[in-house]
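# Structural description and commentary
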Amino acid sequence: MLKVQDLKVNYGGIEAVKGISFEVPEKSIVTLIGANGAGKSTTLRSIVSLEKPASGSVTFCGENITGLDTDVIVSKGITLVPEGRKIFPDLTVLENLKIGAYMRKDDLTDDLNWVYDLFPRLKERSWQAGGTLSGGEQQMLAVARALMSRPKLLMMDEPSLGLAPLIVQEIFHIIREIHNQGVTILLIEQNANMALRTADIGYVMETGRITMTGSGSDLLADEKVRAAYLGK
């Protein structure tokens, strides 16, 4: 579904992403793991043109989308759940969800029911201001808002960051449920253990380069990965 080829992204004179290539097959969960500053978030942001690549290409469903405007990329079926949630705190849960569907002109009822089924707590709090939700609920809202655009590919940047362990378990359960309903997922996650247990394919990024790739289970069992990212 997604193919990234020789992607380079610069910040001023610094090469943050150094010619990486990877693929996301349709209906898979793919994860990028690595330390802070490895270039993971920059990679996702460049796919949706929030950062402009210096060179390389991004192909989605067979079409070169490199450098297209972000709204055009969203309309083609890619949505990013950003690090830090970035919900609108003064708007209600329902208003946040409707903003996720701002490019759509059709009826939203079925999709609202879908995300409320996935996130029952959001339905209970639909008229509550987003900023009054707990951290876990705000993360759920960020994911639900992204789903309202009906993405073919959902990209998630650190969905478990700053959440309590029980909430992390719940978030990953929801990620698997979204995947089971046919959405392809590209996941960045510092919790390498959870990410690799969830993913079909994993890539390890170090200082702007992909240094390892394999199935989630193979990387989970790799001694170098365990020493570097799992504390074992």
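So, here is what we can say about the structure in this document.

What counts, and at which threshold
Residues numbered from 1 in each chain as written. Predicted model: local features only at pLDDT ≥ 70, side-chain atom pairs only at ≥ 80, totals over all residues. Heavy atoms only, no water. Core = buried A, V, L, I, M, F, W, Y, C linked by side-chain atoms within 4.5 Å. Buried < 20%, exposed > 50% of the residue type's maximum accessible area, 1.4 Å probe, protein only. Helix = DSSP H or I, 4+ residues; strand = E, 2+ residues; numbered from the N terminus. Contact = heavy atoms within 4.5 Å. Pairing = 2+ DSSP bridges. Axes fitted to C-alpha atoms, helices over the stretch in contact; angles between N-to-C directions. Phe/Tyr/Trp six-rings, centres within 6.5 Å; stacked < 30°, edge-to-face > 60°.

## Details of the nonpolar core
L97, F119, L122, L154 and I178 are the most contacted members of the largest nonpolar core, which totals 46 residues. Looking at which element gives the most residues to this core, the answer is helix α6 (residues 135-147), with seven residues. Not counting residues within four places of it along the chain, the set of residues in contact with L97 comprises L112, V115, Y116, L141, A144, R145 and M148. Residues V4, V48, V58 and L153 belong to the second largest nonpolar core, which totals 26 residues.

## Comments concerning the pairing of strand β3 (residues 29-33)
Most of β3 is tucked away, with five of its five residues classed as buried. Bridge count for β3 against strand β8 (residues 184-188) is four bridges, and the pairing is parallel. Residue pairing for β8: L32 is matched across the bridge by I188. Relative to strand β9 (residues 201-206), β3 runs parallel, the two sharing four bridges. Within the sheet, the bridge partner assigned to I33 lies in β9 and is V204.

## Some remarks on the sheet that holds strand β7 (residues 153-157)
Read from one edge of the open sheet, six strands run β6-β7-β8-β3-β9-β10, paired in mixed fashion. The strands lining the two open edges of the sheet, one partner per strand, are β6 (78-81) and β10 (209-215). Strand-to-strand, the axes of this sheet are offset by a mean angle of 15°, without reference to chain direction. Sheet strands touched by helix α7 (residues 165-180): β3, β7 and β8. Its angle to β8, the strand with the most contacts, is close to 150°.

## As for the packing of aromatic side chains
This model, assessed by the stated rule, comprises one aromatic pair. On the numbers, 5.6 Å between centres and 55° between planes, the contact of F22 with Y203 is tilted. With a gap of 181 residues between them, F22 in strand β2 (residues 14-24) and Y203 in strand β9 connect regions that are remote in the sequence. Looking at F22, the relative accessible area reads 3%, which means it is buried.

## As for helix α1 (residues 40-47)
Along α1, six of the eight residues are buried, which leaves the element largely enclosed by surrounding structure. Residue S49 follows α1 closely and has a positive phi angle near 65°.

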